[in-house]
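What follows is each chain in one-letter form.
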Amino acid sequence: MMKDYQQLISQIRDFPTLPTIYSSLLEAISNPLSTVQDVANIISKDQAATVKLIKVVNSPVYGISSKIDTVTQAIFYLGFNEVKNLILALSVLKIFGNTHTFNYFNIIDLWKHAIAVGIISRMLGQTIGQKNIENYFISGLLHDIGKLVFYKLIGEDYAKILRYNFDNNLNLLETERQNFGITHETAGEMIAAQWKLPQNLSHIIHNHNTFRTKEQNNYMLACVHLANIIADIMQLGNSGSQAISQPNYEIWNYIKIQPGTFLNLFDEITDTFSKSIEILTVSN
Amino acid sequence: MPKSIHIDEIQDGMILKSPIMNKFGQILLGSGASVKETHKKMLRMWGVEHIVIESEESNNEYIFNDEIYALAKSKFFRTINWEPRNKLEEELIELGIITNALIIQKEK
């Protein structure tokens, strides 16, 4: 079922842009004269986004012990950058929220996998003692954005491909290449460029499966690479691959932890995941 | 969850859940700091005997009967075609077996 490659590429080029709330937010944050109130006002104009933001901030993903009621409080606790990340996550959720799902393979399972990878990436970042882990959740959440793009554009064909790949224990990148001439990594990178997502995020979208990187000290890529494998191992959501790949050995230069750590994280991952999927999957 | 341990039990990398204070209430090490075995001597000098650390030692001991474990293992091994190269990769495999065992147990 080789899809017309050129047609698929042009469909990706015509893909919807992110909601304006995200670009307004980017603009406000990059303006040194903006105040917390300015940023809060932009978010508060979008009521649905506000309600959702407050819910996510209070979810176990962030583990904040006090209750957050307002956008301003959320900014104080999480900072501009993480709030911007959450608005990005919610914007993406909005774009894919109304995607028609096909029985062969439910799109919700892909999204659940993404949430799991976001949660695990952040926990790994914390566990290895990274001080700045604010981009870890969003990187994990969006690592497979290319799969969602495929699903939205060529849903029925892609759902069949995912099912076929899963049932036959195949390598998804190979299967995609054979059928579409393009992988979800490349599709994801194209969307990241169109949406002007930050460079490090686009790098992760393109390299999370292989950990190909020329960059030094890319702890975040190492965490997302491993989190992706752990989510498959723990069967949280479904990435479309049953075959579990071995981590790139190089990541063990970054993930320096005591034996026993993964087993210790098992319950926390399961628990955070089950409490977060509801908040992050309900559309609108 | 927080766990109180004797300073002799300190291992490198344990994370403090409460600050360590001397008898004057001065903070020697703040909460969130990571302790090392080399701290033992200093703590003993300051008269500190117990510290509170972050511990996830709660209910992560999964025990399955042999039949379920064997079934889970064979099921998981069908999804990997690689051999572990270090302790952490062995642990990843253990995670996979536990996951499958929990699913099998639930189905029964």
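Small disclaimer: the values here were computed from a predicted structure and weren't measured.

**Student:** Describe in detail the overall build of chain A, supporting the description with residues and values.
**Tutor:** Helix and strand counts for chain A stand at 14 helices and zero strands. Taken from N to C terminus, the helices and strands of chain A fall in the order α-α-α-α-α-α-α-α-α-α-α-α-α-α. Relative to its length of 284 residues, chain A is compact, with a C-alpha radius of gyration of 18 Å against a globular reference of 19 Å. With the principal axes as the frame, chain A shows a C-alpha extent of 50 × 45 × 35 Å. Taking all 284 residues of chain A together, the buried fraction comes to 54%. Carbon and sulfur atoms make up 49% of the accessible area of chain A, which amounts to about 12,400 Å² in all. Of the charged side chains in chain A, 21 are positive and 24 negative; the average position of the first set lies 2 Å away from that of the second.

**Student:** Outline the overall build of chain B, listing residues and values.
**Tutor:** Of the regular secondary structure elements, chain B holds three helices and six strands. Secondary structure of chain B in N-to-C order comes out as β-β-β-β-β-α-β-α-α. Across the 108 residues that make up chain B, the buried fraction comes to 35%. In chain B, the share of contacts with a sequence separation of at least 24, taken over all contacts with a separation of at least 6, comes to 61%. Surface accessibility of chain B: about 7,000 Å² in total, with carbon and sulfur atoms responsible for 52%.

**Student:** An account of the pattern of salt bridges is needed here, citing residue identities and associated values.
**Tutor:** All names here are of chain A. Scanning the model with the defined rule gives ten salt bridges over all chains in all. A salt bridge links aspartate 69 to lysine 67, with the nearest nitrogen and oxygen atoms 3.2 Å apart. Residue class for lysine 67 comes out exposed when judged on its relative accessible area of 60%.

**Student:** Summarise the interface of chain B and chain A; cite the residues concerned and give the values.
**Tutor:** Facing the 27 residues of chain B at the interface are 28 residues of chain A. With both sides pooled, the region where chain B packs onto chain A buries about 2,400 Å², and carbon together with sulfur makes up 58% of that total. On inspection of chain B and its partner chain A, the count reaches zero salt bridges. The tally of links between chain B and chain A comes to 14 residue pairs in polar contact (both at pLDDT 80 or more). Element by element, the count of residues in the side of chain B that touches chain A is highest for helix α3 (residues 87–107) of chain B, at 13 residues.

**Student:** Any details on the domain arrangement of chain B? Residues and values, ideally.
**Tutor:** When cut into domains, chain B gives domain 1 (2–54) and domain 2 (66–107). Taken over C-alpha atoms, the centre of domain 1 of chain B sits 37 Å from the centre of domain 2 of chain B.

**Student:** I'd like to hear about the nonpolar core, residue by residue, with values.
**Tutor:** By size, the foremost hydrophobic cluster in this structure holds 118 residues, and its most contacted members are A:Trp195, A:Ile230 and A:Phe262. For this core, the element with the highest residue contribution is helix α5 (residues 71–97) of chain A, accounting for 14 residues. Of all hydrophobic cores here, the second largest spans twelve residues; its members include B:Ile7, B:Ile20, B:Leu29 and B:Val48.

**Student:** Please set out the environment of B:Ala101 residue by residue, giving values where relevant.
**Tutor:** All names here are of chain B. Among the secondary structure elements, alanine 101 is positioned in helix α3. The exposure class of alanine 101 is buried, given its relative accessible area of 0%. Alanine 101 sits 21 residues away from isoleucine 80 along the chain, and the two C-alpha atoms are 16 Å apart. Alanine 101 has contacts with Phe64, Ile68 and Ala72, leaving out every residue within four places of it along the chain.

**Student:** Go over α3(B) with me, naming the residues and quoting the values.
**Tutor:** In this model, α3(B) (21 residues) spans 30 Å end to end at C-alpha, consistent with the 30 Å of a helix rising 1.5 Å per residue. A side-chain oxygen of the first residue of α3(B) lies 3.1 Å from the backbone nitrogen of B:Leu88; this N-cap is B:Asn86.

**Student:** Outline the packing of helix α6 (residues 107–127) of chain A against helix α8 (residues 145–153) of chain A, supporting the account with residue identities and numerical values.
**Tutor:** Residues and elements named next belong to chain A. Between α6 and α8, the least distance of the axes is 10 Å, while the angle of their chain directions is 165 degrees. When the interaxial angle is binned, α6 and α8 end up roughly antiparallel. Note that α6 runs across α8; the crossing there is left-handed. Counting all contacts with α6, which are made through Ile107, Leu110 and Trp111, the residues of α8 involved are Lys147, Leu148 and Tyr151. A per-class count over the contact of α6 with α8 returns five nonpolar, no polar and one charged.

**Student:** Outline the environment of A:Gln7, listing residues and values.
**Tutor:** Following the sequence through the fold, A:Gln7 ends up in helix α1 (residues 5–13). Along the chain, A:Gln7 and A:Ile205 lie 198 residues apart, while their C-alpha atoms are 22 Å from each other.

Rules behind the numbers
- Residues numbered from 1 in each chain as written.
- Chains lettered and ligands numbered in written order.
- Predicted model: local features only at pLDDT ≥ 70, side-chain atom pairs only at ≥ 80, totals over all residues.
- Heavy atoms only, no water.
- Helix = DSSP H or I, 4+ residues; strand = E, 2+ residues; numbered from the N terminus.
- Rg over C-alpha atoms; globule rule 2.2 N^0.38 Å.
- Buried < 20%, exposed > 50% of the residue type's maximum accessible area, 1.4 Å probe, protein only.
- Areas by Shrake-Rupley, 256 points an atom, 1.4 Å probe, with all protein chains shown as cover.
- Lys, Arg positive; Asp, Glu negative; His and termini not counted.
- Charge placed at Lys NZ, Arg CZ, Asp CG, Glu CD.
- Contact = heavy atoms within 4.5 Å.
- Salt bridge = Lys/Arg side-chain N within 4 Å of Asp/Glu carboxyl O.
- Buried area = accessible area lost by both parts, 1.4 Å probe.
- Polar contact = N/O pair within 3.5 Å; in protein donor to acceptor, adjacent residues only side chain to side chain.
- Domains from an automatic or database assignment.
- Core = buried A, V, L, I, M, F, W, Y, C linked by side-chain atoms within 4.5 Å.
- Expected span 1.5 Å × (residues − 1).
- Axes fitted to C-alpha atoms, helices over the stretch in contact; angles between N-to-C directions.
- Parallel < 35°, antiparallel > 145°, perpendicular 65-115°, else oblique.
- Left-handed = near helix turned anticlockwise from the far one by under 90°.
- Nonpolar A, V, L, I, M, F, W, Y, C, P; charged D, E, K, R; others polar.

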